[in-house]
Amino acid sequence: MTRFAPSPTGPLHLGHAFAAFVAAERAGPQGRFLLRLEDIDRQRCRESYSRAIMDDLAWLGLTWDGPVWRQSDHLRNHRAALKRLAAMGVIYPCTCSRGDIRAALSAPQEGAPVIGPDGFVYPGACRGRSMAEAGSQDALRLDMRLALARVGRLSFVENGPLRRGVHWLDPDWMIARVGDVVLSRRDMGTSYHLSVVLDDAAQGITEVTRGMDLFDATAIHVLLQALLELPAPRYWHHDLVRDDNGKRLAKRDDARALATLRADGATPADIRASLGLPSAP
Ligand code: GLU
Ligand code: ZN
């Protein structure tokens, strides 16, 4: 069971098409391929983009099994998980603004700020605060050190060709390079990391396919799966589609939006060919 999980914050481009083809392909003829709309960011997501995503996928010849899973329909499950993590004592409320964090990071004793898979590693001003003092507007962070102390050695299985094999999580790297990631954003009540893990489990995903840019974030997800006693999917991290200058295609790169290519007369076969994929069976 695989899934394609775009966020409806813009039009699909060639990179998304590649990700969707990989997910459908990895499901195999007997398997199921699901579509999930990662729409927890209410500020940036638009219903018109959701419709356009489904339209583009259908045009590409990709059909998903079952109903579309909208992440925003499952916030209750995300909140319940935060409660469990709070009961374990591994999350804490954080009132820091971006400016506070920047200021703390530029203090002379801090050295060069470390940028990990979740942005700047949090310097820790709020660490140790109790969930009893959490306000409804506070972000919630994972105390990485405490979280790692609760679980044994962790690993995940990578099936993809680029990094195939068993990958062990390195706790020292997690503490130094990832740090206390936000699990509940103040404006969302959840976060990408928490929702993706919970929804993959709820949808019964057995192989998570996604771009290599999320390889480091997978360590965060494996830790959350262990804490929340969720089944461990396998992973397939694929290469990223780049433009002619080797630059990664960004979502707002409208020139490469599928809809634009389509309007210019491209066929689904052209799209597959430009992605280096064999023609459809
Ligand atoms: N929703 C994420 C994105 O649009 C991908 C989720 C995932 O594969 O983990 O990039
Ligand atoms: Zn804080």
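Above this text sits the structure in question.
Residues numbered from 1 in each chain as written. Chains lettered and ligands numbered in written order. Predicted model: local features only at pLDDT ≥ 70, side-chain atom pairs only at ≥ 80, totals over all residues. Heavy atoms only, no water.

**Student:** Can you break down the coordination of the zinc ion (ligand 2) residue by residue, with the values?
**Tutor:** Distances from the zinc ion (ligand 2) to its protein donors, Cys 94 (SG), Cys 96 (SG), Tyr 122 (OH) and Cys 126 (SG), fall within 2.2 to 2.3 Å. Coordination at the zinc ion (ligand 2) is tetrahedral, judged from the four donor atoms that bind it and the angles of 91 to 125 degrees they form at the metal. Coordination of the zinc ion (ligand 2) draws on donor residues from a single chain, spaced C-x1-C-x25-Y-x3-C in sequence. One end of the pair, Cys 94, is in strand S4 (residues 91-94); the other, Cys 126, is in the loop between strand S6 (119-120) and strand S7 (139-142), with 32 residues separating them in the sequence. Residue Cys 94 is classed as buried on the basis of its relative accessible area of 1%. For Cys 126, a relative accessible area of 5% corresponds to the buried category. (Donors = N, O, S within 2.8 Å, 3.2 Å for Na, K, Ca; no water. Tetrahedral: all angles 85-135°; square planar, octahedral: opposite > 155°, others 65-115°. Helix = DSSP H or I, 4+ residues; strand = E, 2+ residues; numbered from the N terminus. Buried < 20%, exposed > 50% of the residue type's maximum accessible area, 1.4 Å probe, protein only.)

**Student:** An account of the layout of surface pockets is needed here, citing residue identities and associated values.
**Tutor:** Here the second largest pocket is characterised by a volume of approximately 540 Å³. Together, 27 residues line the second largest pocket, and Phe 21, Val 22, Ala 24, Glu 25 and Arg 272 are the ones closest to its centre. Of all the elements in the fold, those that place two or more residues in the lining of the second largest pocket are helix H1 (14-27) and strand S12 (234-238). When residues in the lining of the second largest pocket are grouped by element, the largest group, six residues, is from H1. In terms of residue class, the lining of the second largest pocket is built from 16 nonpolar, seven polar and four charged. (1 Å grid on protein atoms, 1.4 Å probe; cavity = no way out; pocket = protein on both sides within 12 Å on 5 of 7 lines; lining within 4 Å. Points joined across faces, edges and corners; volume = space filled by probe spheres on them. Nonpolar A, V, L, I, M, F, W, Y, C, P; charged D, E, K, R; others polar.)

**Student:** Outline helix H8 (residues 215-227), listing residues and values.
**Tutor:** H8 sits mainly inside the fold: eleven of its 13 residues count as buried. Taken residue by residue, H8 has Phe 215, Ala 217, Thr 218, Ala 219, Ile 220, His 221, Val 222, Leu 223, Leu 224, Gln 225 and Leu 227 as its buried positions. Once H8 ends, the next one or two residues include Glu 229, with phi positive near 55 degrees.

**Student:** If you had to explain empty space enclosed by the protein to someone new, which residues and values would you point to?
**Tutor:** By the definition in use, this model includes one cavity of 30 Å³ or more. Taken as a whole, the largest cavity holds about 50 Å³ of empty space. Lining the largest cavity are Val 197, Asp 200, Ala 201, Ile 205, Gln 225, Leu 230, Pro 231, Ala 232 and Pro 233. If you tally residues by element for the lining of the largest cavity, the top one is helix H7 (residues 192-202), at three residues. When the residues that make up the lining of the largest cavity are grouped by side-chain class, the tally is seven nonpolar, one polar and one charged.

**Student:** Account for the site of ligand 1, naming residues and giving values.
**Tutor:** If you check the shell around ligand 1, you find ten residues, and the closest are Arg 3, Ala 5, Glu 38, Tyr 192 and Arg 210. Residue Arg 3 places a side-chain N or O atom 2.7 Å away from an oxygen atom belonging to ligand 1. Within the side chain of Glu 38, a nitrogen or oxygen atom sits 2.6 Å from a nitrogen atom of ligand 1. In isolation ligand 1 has 300 Å² of accessible area, and contact with the protein removes 79% of it. Here the shell around ligand 1 is built from residues that sort into five nonpolar, one polar and four charged. (Near = heavy atom within 4 Å. Polar contact = N/O pair within 3.5 Å; in protein donor to acceptor, adjacent residues only side chain to side chain. Areas by Shrake-Rupley, 256 points an atom, 1.4 Å probe, with all protein chains shown as cover.)

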